[in-house]
Amino acid sequence: MKPAPSRLAENTNLNLIYDPIYQPEPGVVLPIQTSKGPLVEDYLYRLYRVICQAIEDHKRVLACRFDLTLPHGVPLPEDAATNGPINRFHKSLNSKIAHDRKMKQAQGIPHGCRVRYARAREISQDGMPHYHVLLLLNLHAYYTPGNWNYEGKNLFWRVAEAWASALQVSLEDAVGQVRLCRSSNTSCYYLEPANGYQGLPALFEWSSYLCKAHSKQYGGHVHAFETSRR
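Presented here is an overview of the structure given in this document. (Residues numbered from 1 in each chain as written. Predicted model: local features only at pLDDT ≥ 70, side-chain atom pairs only at ≥ 80, totals over all residues. Heavy atoms only, no water.)

**Some words on the pairing of strand β6 (residues 61–68)**
For a regular strand, side-chain orientation follows a simple rule: the groups alternate between the two sheet faces. By the criterion of burial, β6 is predominantly enclosed, with 8 of the 8 residues buried. Alternating positions in β6 separate into two faces, V61, A63, R65 and D67 on one and L62, C64, F66 and L68 on the other, with burial throughout. In terms of strand pairing, β6 meets strand β8 (residues 129–138) through 8 bridges, oriented antiparallel. Bridged to V61 within β8 is N138. In this sheet, strand β10 (residues 189–191) lies alongside β6 in antiparallel orientation, the contact comprising 3 bridges. (Buried < 20%, exposed > 50% of the residue type's maximum accessible area, 1.4 Å probe, protein only. Helix = DSSP H or I, 4+ residues; strand = E, 2+ residues; numbered from the N terminus. Pairing = 2+ DSSP bridges.)

The following block contains the structure:
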């Protein structure tokens, strides 16, 4: 039997992991999803680092994942097939979160919120990209992602508004392209020092889906996997 490749054929700088566990540093062993094929080691490490950075930022962290797709039957910007829309999405969401925290601070609620994220760009059957976005936020500021049924402003609607802005379409056309992902009957994970961050293994296993090698596009001046850097 031919041995499984240890490196990604499309980019031999990227190592592949087939085992269902990952050790990002000595003494830390985390479960990962490999049912969809091997995962990219570099992506796993970057995922681990951005989660650690969010913990350093806030101590208590809300983690939730949104899937973003492109609508059909409406005009889209010329750069819809590039990373242009997802970059505009992050810029818009950061602005909305900053505005919300400024308004809350004026009401005497002091908690700020740096937005950390990991995102994967994958190609749908129609040849267009879609995105899996893990958001890591201050749990003191946001305790739940909410949902589309809420009539006021919540995190879900801010994500939908940011995606509409990024695609230059109406909120009505964008909201159906935003899906809050669920895992084991939960739509979010909490990382808290009070319980020794017990939620980290489950969150990492769930989020490692973003690191799979399959269905991504490599090269072409687009990034298949990105994390926040600031």
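**Points about the environment of A63**
By the secondary structure assignment, A63 is in strand β6. The exposure class assigned to A63 is buried, which follows from its relative accessible area of 0%. A C-alpha to C-alpha distance of 8.9 Å links A63 and I51, two positions 12 residues apart in sequence. Once residues within four sequence positions are removed from consideration, A63 is found in contact with L134, L135, L136, C188, Y189 and L203. (Contact = heavy atoms within 4.5 Å.)

Functional significance is not addressed by these values, which are geometric in nature.
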